[in-house]
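What follows is each chain in one-letter form.
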Amino acid sequence: MDTLPHALLESMRRVGALLQSGDLRDAHDRLAELVAQHPEAVEPLRLLAGTKQALGDIDAAEALLRQALAKDTHWAPTLATLGELLLSRGRGDEAEPLLRRAAQRLPHAALALARYYNDAQRASEALAIVAPLCAVENAEVELVTQHVTALAALGRHEEAIAIYRRRAERSPADPAAAHALAIALDAANRHAEAERVAQSAIASGHRTAAAYFTHARSLIGLGKFDRAEAALHDCLRQNPRLVDAQNHLARLVWMRTGDIGQTTAMLDRALQTFADDDTLRATKAAILQGAGDARGAYACLAEQAGKPQATPALLVRAGLAALEFDPAASLALAERALRTSPANEPAKNLRVASLLGVGEAGEALAQTEELLSRTPDDQYLIALQTTAWRLLDDPRYDELCDYAQLVVPQPLQAPAPWADMASFLTDVKRSLERLHPANGHPLLFQSLRHGTETTDDLARSSDPTIQALFAAFDAPIRQYLAHIGQGHDPMRRRNRGSYRFNGGWSVRLRTSGFHNNHVHPRGWISSACYIDMPDGIAKASTPEGCLAFGAPGIATTPALAAEHVLRPEVGMLVLFPSYLWHGTVPFTGDRTRLTVAFDVLPDAAGNSA
């Protein structure tokens, strides 16, 4: 871009001051005048597009950015701004080449692209973008976070720690370097050291919202929930629009109180100041739905979703709420989103689920097959495909959902030094009980009802007993891999005889507790291991407390019931494909039902976890 005339530069500085003060309307009007006075200038046009986007006129913003790009096809700020706008509209295929070009010169474009790749489970591509930028000593914390996220997704936690430990050792007086190390440690579940390092960075003057957030995450991993809440409040006082922090705080308050008003109080305060922030409002809706109030979630977004300029992301969020009680309304929202953003993957997924809900299985199947051609390992899409097959009486359903062959219960063997399973499971129970929140409120966004779930990744636990439990899973997993063999279906084509854990957790259900039917979208093999349960479950003549397969977690027309029920026993490990719909039947009893579950992925390096 050519150098701007001095008078225009002065006018732009005054516009910048208006933008910093939040006076969008005056900034917009002044920029419109500058564009009319200087039609050849690109930067006023780009900034005018930004104000239109902030004021809700997304179509006009995109049109202006395309005009700016036509005037100067190499101006990186325009490439980045248009790319980020297209991402917000769910048009990643169009945004990606623009952001790639801008990322060579603008770190924030690289950040947007890396975040997009990580969210899309394209960790290798995210790593290629951020690794060079994070090789410098003063890399931005947001880039460090995406770097660590990509390495962790590839199972390279220790490499991330080594990189940022060396940096912290080279710059012992730099609290930002310590913060980067804390991020890597927290991602590897080394919460005690992460907490110490993050606290040290804050004490050294690094009192940023991001540092408080990292400190809070490590405190959550340590089960120090009261201190984590305090750290999140410190974080949100600085940046109330930090959605990840709002989500984490809501989860903690819900766990502590079970009261939705208290849970969303901080979000409500932020929305009083930033009433037009669709991301904050969508976050509140997701929290309401996660707490079991889908209608409240829909009502939270109904006014914004009814506006002609509603973004595809907002329409999809509203549609996900409507899907629970009105698939026809959900379908209409998905189709509105797709008219604006035809390549929007979340909108396409929502449309498929909605079509199944209104009885259009044939159309749903065609859409699902197109989506699976791009993401063949998406377990949720496979579940939608098998649901369509079942509704259509397609014989392929019986092949992919062969419960007798693919749902395999196996007894665990007591590892050394335990003499028997009874003593081993007693110790496992003792370790797990320390990790479950005492107040008994379930986590948000989980399938369980009337129970609690642990917050840390048990597969990376430092507890020797839990480590022994996960070591005891190795032989059954290997036997399962040998049992299913290799082939061309979604399970067998990924079977290379090796695996790695992709998360582990424990669930404690009390009387009347159950899991809603669900799948594990990012898994391959899922599991349930029974540590303790009421005496009556194993001997009952009813399906109370049983693990049930086949009933979809979405509405279908006609409704579909469970097809396979497995009665659990203490010490049993059940392995099954992550795409199988599964849930549990409510039970009654004085004792809790305590389980451990994990997901497994193929190990690309040929190792086993």
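Residues numbered from 1 in each chain as written. Predicted model: local features only at pLDDT ≥ 70, side-chain atom pairs only at ≥ 80, totals over all residues. Heavy atoms only, no water.

Participant: Tell me about the packing of helix α27 (residues 421-435) against helix α28 (residues 464-472), and name the residues and values.
Facilitator: Taken N-terminus to C-terminus, the directions of α27 and α28 make an angle of 120°; their axes are 9 Å apart at the nearest point. Classified by the angle between their axes, α27 and α28 sit oblique to one another. The handedness of the crossing between α27 and α28 comes out as left-handed. In this structure, α27 contributes Phe424, Asp427, Val428, Ser431, Leu432 and Leu435 to the contact, and α28 contributes Thr465, Ile466, Ala468 and Leu469. Split by residue class, the contact of α27 with α28 holds 7 nonpolar, 2 polar and 1 charged. (Axes fitted to C-alpha atoms, helices over the stretch in contact; angles between N-to-C directions. Helix = DSSP H or I, 4+ residues; strand = E, 2+ residues; numbered from the N terminus. Parallel < 35°, antiparallel > 145°, perpendicular 65-115°, else oblique. Left-handed = near helix turned anticlockwise from the far one by under 90°. Contact = heavy atoms within 4.5 Å. Nonpolar A, V, L, I, M, F, W, Y, C, P; charged D, E, K, R; others polar.)

Participant: Mind laying out the sheet that holds strand β5 (residues 547-549), listing which residues take part and the relevant values?
Facilitator: If you walk across this open sheet you meet the 3 strands as β6-β5-β8, and the pairing is antiparallel. Across the chains shown, the open sheet's two edge strands, defined by having one partner strand only, are β6 (564-566) and β8 (582-584). Across the sheet, the mean angle separating the axes of adjacent strands is 25° when strand polarity is ignored. Pairing of β5 with β6, which is carried by 3 bridges, proceeds in the antiparallel orientation. By the bridge assignment, leucine 547 is partnered in β6 with leucine 566. (Pairing = 2+ DSSP bridges.)

Participant: Help me get a handle on the nonpolar core, residues and values and all.
Facilitator: Among the nonpolar cores identified, the biggest contains 90 residues, and Phe473, Ile477, Val596 and Phe598 are the most heavily contacted of them. The element that contributes the greatest number of residues to this core is helix α24 (residues 379-391), accounting for 7 residues. Excluding its chain neighbours within four sequence positions, the residues that come into contact with valine 596 are Leu432, Leu458, Leu469, Phe470, Phe473, Trp505, Ser506, Ala528, Cys529 and Ile531. Counting 66 residues, the second largest nonpolar core, distinct from the first, contains Leu69, Leu113, Ile183 and Ala194. (Core = buried A, V, L, I, M, F, W, Y, C linked by side-chain atoms within 4.5 Å. Buried < 20%, exposed > 50% of the residue type's maximum accessible area, 1.4 Å probe, protein only.)

Participant: An account of helix α10 (residues 157-170) is needed here, citing residue identities and associated values.
Facilitator: Across its 14 residues, α10 extends 20 Å between first and last C-alpha, which sits within 8% of the 20 Å expected from 1.5 Å per residue. When we look at burial in α10, the residues that qualify are His157, Ala160, Ile161, Tyr164, Arg167 and Ala168. The buried residues of α10 occupy one face: seen down the axis, they fall within an arc of 130°. The elements touched by buried residues of α10 are α9 (141-153) and α11 (175-187). (Expected span 1.5 Å × (residues − 1). Arc of directions from axis to C-beta.)

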